[in-house]
Amino acid sequence: MDDFNGFTARTARYWDELANDYQKSTTISVKDFHYGPLLPGDSELNLLPKPLTGTRCLELGCGAAQNSVYLARKGAECVAVDVSREQLNHAEKLADGYGVSLDLQLLDMEALPEELGTFDLIHSAYGVPFAANPEALIRRCAELLRPGGVLLFSLGHPVYAGEWTELDEEERGIFLTSYFDPTPDVREGEGEEAVVCARAYPVSEGVEWILRAGLRLTALREPAALPVHQMEREERRKRVPYYSPEWAEQVFEMQRFPIVNILRAEKAV
Ligand SMILES: C[S@@+](CC[C@H](N)C(=O)[O-])C[C@H]1O[C@@H](n2cnc3c(N)ncnc32)[C@H](O)[C@@H]1O
């Protein structure tokens, strides 16, 4: 942890502080692969490579690594990295509970060492927005992908960086000061220097990172939230892999504007 630079060390402190509450207040399934709050999982979006058995996968900003547990249960060999020791502790308990083995590493995703090896799939659900230099991160991922390998990650949607505004009962929407330079999401923790900054980028920028890294863009998705307010608990449990009552309060907004964009890219064979 002492080896992390200032930006990353502050991120680690923030997530160390938040980890318990985050994992307690959020329900993240290991029976589907998730992309973000209230969104359909991969069982509906179909972006993961198949078959997963025997593939080598790397998760960036894994948190409690629910997605890696999902992949490991499908027979993949999974490495998962995070800067927060507390988040990784949750990941360890979760993996143990499901009887799968993950290679969990306390690492800055922006300094991925050669020793990690190469991968068939590199994935991240809302980890990349926390990177200081996301383009360099995508370039590094392209290096670590095997021929034919897949990069799959979600970014904050620039439109959702705007502010929800109600002019009157009928006229409600998002007020965006700039699509090209969306307001960063800066969050401060309780402790000194516990702070993170998540950035959203114009959609074309994420696409450009992929193309400049020499990868081929194979999908770009902007999913709407599922109608969780109209679902019985059982249906919600099956169809919504990432849920919390706090996010559910935003379902009206999230059904009208995308909260994330999901990018999928492949390395040439
Ligand atoms: C919003 S959480 C998402 C966690 C997980 N992907 C999920 O969907 O629940 C972002 C995670 O990224 C991690 N993170 C942020 N910056 C990082 C960095 N530079 N290197 C590794 N992990 C990082 C945080 O510690 C946190 O666990």
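This report concerns the structure included in the present document. This structure is a prediction, so every number in the text was calculated from the model and none was measured.

1. Some points on the overall build of the protein chain
Helices and strands together make up the secondary structure of the protein chain, namely nine helices and 13 strands. Based on the C-alpha atoms only, the size of the protein chain along its principal axes is roughly 55 × 40 × 40 Å. A total of 269 residues make up the protein chain; the buried ones form 44% of that total. Sequence separation of 24 or more characterises 71% of the internal contacts of the protein chain that already satisfy a separation of 6 or more.

2. Things to note about unusual backbone geometry
A cis geometry characterises the amide bond from Lys 50 onward to Pro 51, with omega recorded as 0°. In this fold, Pro 51 is placed in the loop between α2 (42–45) and β2 (56–60). Of note in the backbone geometry, Asn 46 takes a positive phi value of approximately 55° without being a glycine. With respect to the helices, strands and loops of the structure, Asn 46 is situated in the loop between α2 and β2. We classify Asn 46 as exposed; it has 10 C-beta atoms within 10 Å. Located in the positive-phi region is Ala 65, a residue other than glycine, with phi close to 60°. Within the secondary structure, Ala 65 is located in the loop between β2 and α3 (66–73).

3. Some remarks on the sheet that holds strand β6 (residues 145–156)
Hydrogen bonding along the main chain pairs the strands of a sheet, whether they run parallel or antiparallel. The seven strands lie next to each other as β4-β3-β2-β5-β6-β13-β11, forming an open sheet whose pairing is mixed. Each end of this open sheet is capped by a strand with a single partner; those strands are β4 (103–106) and β11 (216–221). The sheet shows a mean angle of 15° between the axes of neighbouring strands, direction not considered. Pairing analysis gives five bridges linking strand β5 (residues 119–124) to β6, with the strands arranged parallel. Residue Leu 121 lies in a different strand from β6, and its bridge partner there is Val 150. Its contacts with the sheet put helix α6 (residues 203–212) on β6, β11 and β13 (260–266), and the angle it makes with β13 is roughly 15°.

4. Some details on the site of the ligand
Lining the immediate surroundings of the ligand are 19 residues, of which Trp 15, Gly 61, Gly 63, Met 109 and Ala 125 lie closest. Listing elements by their share of the shell around the ligand, those giving two or more residues are α1 (6–25) and β3 (77–82). For the shell around the ligand, the element with the highest residue contribution is α1, accounting for three residues. The class makeup of the residues in the shell around the ligand is nine nonpolar, seven polar and three charged.

5. Brief notes about helix α5 (residues 134–144)
Regarding α5, the residues found buried are Leu 137, Ile 138 and Cys 141. Within α5, the buried residues cover an arc of 95° as seen down the axis, which keeps them to one side. If you follow the buried residues of α5, they end up packed against β5, β6 and α6.

6. Topic: the environment of Arg 236
Turning to its location among the elements, Arg 236 is positioned in helix α7 (residues 233–239). A C-alpha to C-alpha distance of 31 Å links Arg 236 and Glu 188, two positions 48 residues apart in sequence. What Arg 236 contacts, discounting residues up to four positions off in sequence, is Val 228, Met 231 and Tyr 243.

7. Examining α3
Among the eight residues in α3, seven count as buried, and that is most of the element. Burial in α3 covers these residues: Gln 66, Asn 67, Ser 68, Val 69, Tyr 70, Leu 71 and Ala 72. Among the structural elements, β1 (27–28), β2, β3, α4 (85–97) and β5 are those in contact with the buried residues of α3. Remark: Gly 75 follows α3 within two positions and exhibits a positive phi of approximately 95°.

So, how was this worked out
Residues numbered from 1 in each chain as written. Predicted model: local features only at pLDDT ≥ 70, side-chain atom pairs only at ≥ 80, totals over all residues. Helix = DSSP H or I, 4+ residues; strand = E, 2+ residues; numbered from the N terminus. Buried ≥ 20, exposed ≤ 12 C-beta atoms within 10 Å, placed from the backbone. Contact = placed C-beta atoms within 7 Å. Pairing = 2+ DSSP bridges. Axes fitted to C-alpha atoms, helices over the stretch in contact; angles between N-to-C directions. Near = placed C-beta within 6 Å. Nonpolar A, V, L, I, M, F, W, Y, C, P; charged D, E, K, R; others polar. Arc of directions from axis to C-beta.

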